[in-house]
Amino acid sequence: MTIVFKSDPVRGREWAALLAEHAPELEFRMWPDIGDPAAVRYLVAWRLPSEDLGTLFPNLEVLFSVAAGVDQLDLSTVPAHLPVARMVDPNLIASMAEYVVMSVLALHRDLIAYIGSQRARRWSEMRVVPAPRRRVGIMGLGSLGLAAIERLRPFGFPLSGWSRSPKRIDGVECHAGPEGLETFLASVDILVCLIPLTPETRGILDRKAFAAMPAGAGIVNVGRGGHLVDADLVAALDSGHLGGAVIDVVSTEPPPADHPFWDHPKIILTPHVASMTQPQTAALVFLDNVRRHQRGEPLVGTVDRDRGY
Ligand code: NDP
Ligand code: OXD
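Cut-off values and rules
- Residues numbered from 1 in each chain as written.
- Chains lettered and ligands numbered in written order.
- Predicted model: local features only at pLDDT ≥ 70, side-chain atom pairs only at ≥ 80, totals over all residues.
- Heavy atoms only, no water.
- Helix = DSSP H or I, 4+ residues; strand = E, 2+ residues; numbered from the N terminus.
- Expected span 1.5 Å × (residues − 1).
- Buried < 20%, exposed > 50% of the residue type's maximum accessible area, 1.4 Å probe, protein only.
- Arc of directions from axis to C-beta.
- Contact = heavy atoms within 4.5 Å.
- Near = heavy atom within 4 Å.
- Polar contact = N/O pair within 3.5 Å; in protein donor to acceptor, adjacent residues only side chain to side chain.
- Areas by Shrake-Rupley, 256 points an atom, 1.4 Å probe, with all protein chains shown as cover.
- Nonpolar A, V, L, I, M, F, W, Y, C, P; charged D, E, K, R; others polar.
- Phe/Tyr/Trp six-rings, centres within 6.5 Å; stacked < 30°, edge-to-face > 60°.
- Domains from an automatic or database assignment.
- Core = buried A, V, L, I, M, F, W, Y, C linked by side-chain atoms within 4.5 Å.
- Disulfide = S-S within 2.5 Å.
- Axes fitted to C-alpha atoms, helices over the stretch in contact; angles between N-to-C directions.
- Parallel < 35°, antiparallel > 145°, perpendicular 65-115°, else oblique.
- Left-handed = near helix turned anticlockwise from the far one by under 90°.
- Salt bridge = Lys/Arg side-chain N within 4 Å of Asp/Glu carboxyl O.

J.: Would you mind going over helix 1 (residues 9-22) with me for this structure?
T.: Since the α-helix advances by 3.6 residues per turn, residues separated by three or four positions end up pointing in the same direction. With 14 residues, helix 1 should cover 20 Å at 1.5 Å per step; its first-to-last C-alpha distance of 20 Å lies within 8% of that length. Of the residues making up helix 1, those classed as buried are Gly 12, Trp 15, Leu 18 and Leu 19. On an axial view of helix 1, the arc spanned by its buried residues comes to 125 degrees, and they lie on one face. Exposed side chains of helix 1 directed beyond 90 degrees from the buried face belong to Arg 13 and Glu 21. In the core, the buried residues of helix 1 are packed alongside strand 1 (2-6), strand 2 (27-30), strand 3 (40-45) and helix 9 (279-294).

In structure tokens:
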């Protein structure tokens, strides 16, 4: 029974060592060295091979995303009956919550403006807004959004959230669906985007969304670059309507040298590092899922192909 790993080879070698230790009966191969394609039962991938998956691996049983998101996998080449599971890894979740706290605090305490002042040798102070007057809203109340909320709680920010289906979360004002979006946005001073990229959410952070937000609001995009209309963000920052943005993901990664985010004075840009799968835990989370599959139990992180996440 073979597993094929098609992602970063450096991390792949760590997976190989861990799986050799914990599941020596499984054969672990790294793309493109796939061996006998008929023996491949599990594929772990960041991006899919260009060939039709059912033809390439006729006996494939599960497709695993090496990441929490699945939008980078073109599921149109994946047979409809094939289960797809995404990565639900405690380390990845903790690391995202940490990044969200860092970004929210940076916006809350005007860090971007202070970095600009320092560069300009300007000693100028700004009024501190108390946390109970800074409203923080999380788009996406899934494994990552909920973890971020728990880490933000102790600071005392009024918290709200937005999801596809209605939710009740203690101490969090919850909104849902397209009908709840505008009210949610209007009540948020710092917005964190943690939804999956699907046809419904592509371009959701656009001029209309920014116009619905209060003047001076900040944005944290840790979802996907496709959520954000870059030119609309730049326009909203330049007009002064938005105060600042922390951006971890962009549509083309890395962005071209002339992309406006590189040197925009109101943007902090990081290279898609808010959270990364750590082989030490991810390989074992994967193995647990393989065992579940072999026992006929439901997989953790099963993707609903119709919803797209
Ligand atoms: P989950 O599937 O656990 O949660 C997704 C949440 O988004 C759910 O609450 C869901 O609503 C909500 N949602 C989905 N579609 C819509 C919609 N159309 N309208 C409103 N809400 C919607 O995902 P995770 O929390 O694990 O991950 C979220 C995303 O974070 C990933 O898809 C990925 O793109 C990104 N990510 C980024 C990383 C980085 O390093 N920058 C690292 C890891 C992930 P409902 O609860 O109703 O289903
Ligand atoms: C993920 C990512 O989805 O790395 O896990 O962005």
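J.: Please clarify how the site of ligand 2 should be interpreted in this entry.
T.: The full set of residues close to ligand 2 is Ala 67, Ala 68, Gly 69, Leu 92, Arg 224, His 272 and Ser 275. The separation between an oxygen atom of ligand 2 and a polar side-chain atom of Arg 224 is 2.8 Å. In isolation ligand 2 has 210 Å² of accessible area, and contact with the protein removes 84% of it. Looking at the shell around ligand 2 residue by residue, the classes come out as three nonpolar, three polar and one charged.

J.: How should I be thinking about the packing of aromatic side chains in this particular structure?
T.: Aromatic ring pairs are defined here through the distance separating the ring centres and the angle between the ring planes. On inspection of all chains with the given rule, the structure shows six aromatic pairs. Residues Phe 5 and Phe 28 carry aromatic rings whose centres are separated by 5.7 Å and whose planes lie at 40 degrees to one another, so their mutual orientation is tilted. Taken together, the positions of Phe 5 in strand 1 and Phe 28 in strand 2 put the pair 23 residues apart, joining distant regions of the chain. Judged on exposure class, the residue Phe 5 and its partner Phe 28 are both buried. Each member of the aromatic cluster is reached from another via a ring pair, and the members are Phe 5, Trp 15, Phe 28, Tyr 42, Phe 64 and Phe 286.

J.: Sorry, what's going on with the site of ligand 1 here?
T.: Inspection of the region around ligand 1 gives 29 residues, with Leu 141, Ser 143, Ser 165, Lys 167 and Tyr 309 positioned closest. At the level of elements, helix 5 (143-152) and strand 7 (159-163) are the ones that each hand at least two residues to the shell around ligand 1. Here the shell around ligand 1 is composed, by residue class, of 12 nonpolar, 10 polar and seven charged. Of the domains in this structure, domain 1 (2-89 + 277-294) and domain 2 (92-269) are the two that each give at least three residues to the shell around ligand 1.

J.: Got a minute to help me understand the nonpolar core in this structure?
T.: Core analysis: the largest hydrophobic core is formed by 31 residues, its most contacted members being Val 100, Val 104, Val 136, Leu 152, Val 192, Leu 194 and Val 222. The element that contributes the greatest number of residues to this core is helix 3 (residues 90-108), accounting for nine residues. With residues near it in sequence (within four places) discarded, Leu 152 still touches Val 100, Val 101, Val 104, Val 136, Ile 138, Phe 157 and Leu 159. In terms of nonpolar packing, the next biggest core, distinct from the first, is built from 28 residues, Leu 191, Ile 195, Leu 233 and Ile 247 among them.

J.: What exactly am I supposed to notice about the state of the cysteines here?
T.: Think of a disulfide as a covalent bridge from one cysteine sulfur atom to another cysteine sulfur atom. A complete count under the given rule lists zero disulfides for this structure. Free cysteine Cys 174: the closest other cysteine sulfur is in Cys 193, separated by 17 Å. The class of Cys 193 is buried, set by a relative accessible area of 0%.

J.: What's the story with the packing of helix 1 against helix 9 in this structure? I'm lost.
T.: Two measures define how a pair of helices packs: the angle their axes make with one another and the distance between the axes. At a minimum axis separation of 9 Å, helix 1 and helix 9 run at an interaxial angle of 50 degrees. By the angle between their directions, the pair helix 1 and helix 9 is classed as oblique. As helix 1 packs across helix 9, the resulting crossing turns out to be right-handed. Residue-level inspection shows Arg 11, Glu 14, Trp 15, Leu 18, Leu 19 and His 22 of helix 1 in contact with helix 9, the latter providing Pro 279, Gln 280, Ala 282, Ala 283, Leu 284, Phe 286, Leu 287 and Arg 291. Per-class residue counts for the contact of helix 1 with helix 9 are nine nonpolar, two polar and three charged.

J.: Just to check I follow, could you spell out the pattern of salt bridges for this structure?
T.: Side chains carrying opposite charge are able to pair once their charged atoms draw close together. What the rule picks out here adds up to 11 salt bridges. Close ionic contact of Glu 61 with Arg 41 constitutes a salt bridge, the shortest N to O distance being 3.2 Å. Here Glu 61, found in the loop between helix 2 (53-56) and strand 4 (62-65), pairs with Arg 41, found in strand 3; they are 20 residues apart in sequence, far enough to count as distant. A relative accessible area of 29% means that Glu 61 is categorised as partly exposed.

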